[in-house]
Amino acid sequence: MERSSKEAHAGGLLSLVGGKVDASGIDKDVLEKTIQREFLEEVGLKLKDDMVYVRNTTFAVNGKPVIDLVFLCEREEGSQPSIVSADEVADIHWMTFEEIQSHSKAPDYFMESICMAEKVRLRQRE
């Protein structure tokens, strides 16, 4: 997706869907539930349950630490994207790995995650 220019962090750049974990008490599959929720809230997509971990990194936004967890996901059959949160999402793109690599709004840290996800995706096909 392309982040809204209203976003303080990486506004106007390509990004993966993301958000904050809303966990209270003891729960199972918190990360997977968060991914499902964020995809519905931001781009209206329902995802299959079998998500595959890709990588994790850390960075800071406004001095606050952020853990960036990347998972490879597939959308449910028939689920179509739409911009649900215009404050967060400016546009939705369906692109090949090669198209993402040559996109002018793809920051280096985003490309690192995309490259890792592509490696995982290709390993799964073997």
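Because the structure is predicted, anything quoted here is derived from the model rather than measured.

This part takes up the overall build of the protein. Each helix and strand counted, the protein has 3 helices and 4 strands in total. Starting at the N terminus and ending at the C terminus, the protein contains elements arranged as β-α-β-β-β-α-α. Expected size for 126 residues packed as a compact globule is a radius of gyration near 14 Å; at 15 Å, the protein falls within 12% of this value. Within the protein, buried positions represent 29% of all 126 residues. Taking as baseline every contact in the protein between residues at least 6 positions apart, the subset at least 24 positions apart corresponds to 53%. Carbon and sulfur atoms make up 51% of the accessible area of the protein, which totals about 8,500 Å². Once the 16 positive and 24 negative side-chain charges of the protein are each reduced to a mean point, those two points are 2 Å apart.

Formed by M1, I35, F39, V43, L45, L47, M51, F71 and V89, the largest nonpolar core amounts to 9 residues. Ranked by residue count, the leading element in this core is helix α1 (residues 30–43), at 3 residues. Not counting the four nearest positions on each side in its chain, F39 is found in contact with V17, G44, L45 and L47. Membership of the second largest hydrophobic core comes to 7 residues, among which are L14, F97, A106 and F110.

Following the criterion strictly, the structure yields 0 disulfides and no others. C115 provides the cysteine sulfur closest to C73, a residue in no disulfide bond, and the two sulfurs are 18 Å apart. On the basis of relative accessible area, C73 is assigned to the partly exposed category, the value being 24%.

Let's shift gears to unusual backbone geometry. Even without glycine at this site, D29 takes up a positive phi of about 55°. In this structure, N62 is a non-glycine residue whose phi angle is positive, near 55°. In this structure N62 comes out as exposed when scored by relative accessible area, which is 72%.

This paragraph deals with a nonpolar patch on the surface. Together, V21, L31, Y53, I67 and L69 make up a nonpolar patch on the protein surface, roughly 440 Å² of accessible area in all. Examined against the element boundaries, L69 turns out to sit in strand β3 (residues 64–72).

What follows is about the packing of aromatic side chains. Scanning the model with the defined rule gives 1 aromatic pair in all. An angle of 80° between the planes, with centres 5.8 Å apart, marks the rings of Y53 and F71 as edge-to-face. Taken together, the residues span a long stretch of sequence, with Y53 in strand β2 (residues 52–61) and F71 in strand β3 at a distance of 18 residues. Accessibility expressed as a relative area gives 18% for F71, which makes it buried.

On to a negative patch on the surface. Judged by side-chain charge, D29, D49, D50, E76 and E77 come together as a negatively charged surface patch. As for its position among the elements, D49 is in the loop between α1 and β2.

What counts and how
Residues numbered from 1 in each chain as written. Predicted model: local features only at pLDDT ≥ 70, side-chain atom pairs only at ≥ 80, totals over all residues. Heavy atoms only, no water. Helix = DSSP H or I, 4+ residues; strand = E, 2+ residues; numbered from the N terminus. Rg over C-alpha atoms; globule rule 2.2 N^0.38 Å. Buried < 20%, exposed > 50% of the residue type's maximum accessible area, 1.4 Å probe, protein only. Contact = heavy atoms within 4.5 Å. Areas by Shrake-Rupley, 256 points an atom, 1.4 Å probe, with all protein chains shown as cover. Lys, Arg positive; Asp, Glu negative; His and termini not counted. Charge placed at Lys NZ, Arg CZ, Asp CG, Glu CD. Core = buried A, V, L, I, M, F, W, Y, C linked by side-chain atoms within 4.5 Å. Disulfide = S-S within 2.5 Å. Patch = residues over 30% accessible without salt bridge, like charges linked within 9 Å, V, L, I, M, F, W, Y side chains within 5 Å. Salt bridge = Lys/Arg side-chain N within 4 Å of Asp/Glu carboxyl O. Phe/Tyr/Trp six-rings, centres within 6.5 Å; stacked < 30°, edge-to-face > 60°.

Everything listed here is a matter of coordinates, which is why it stays silent on function.
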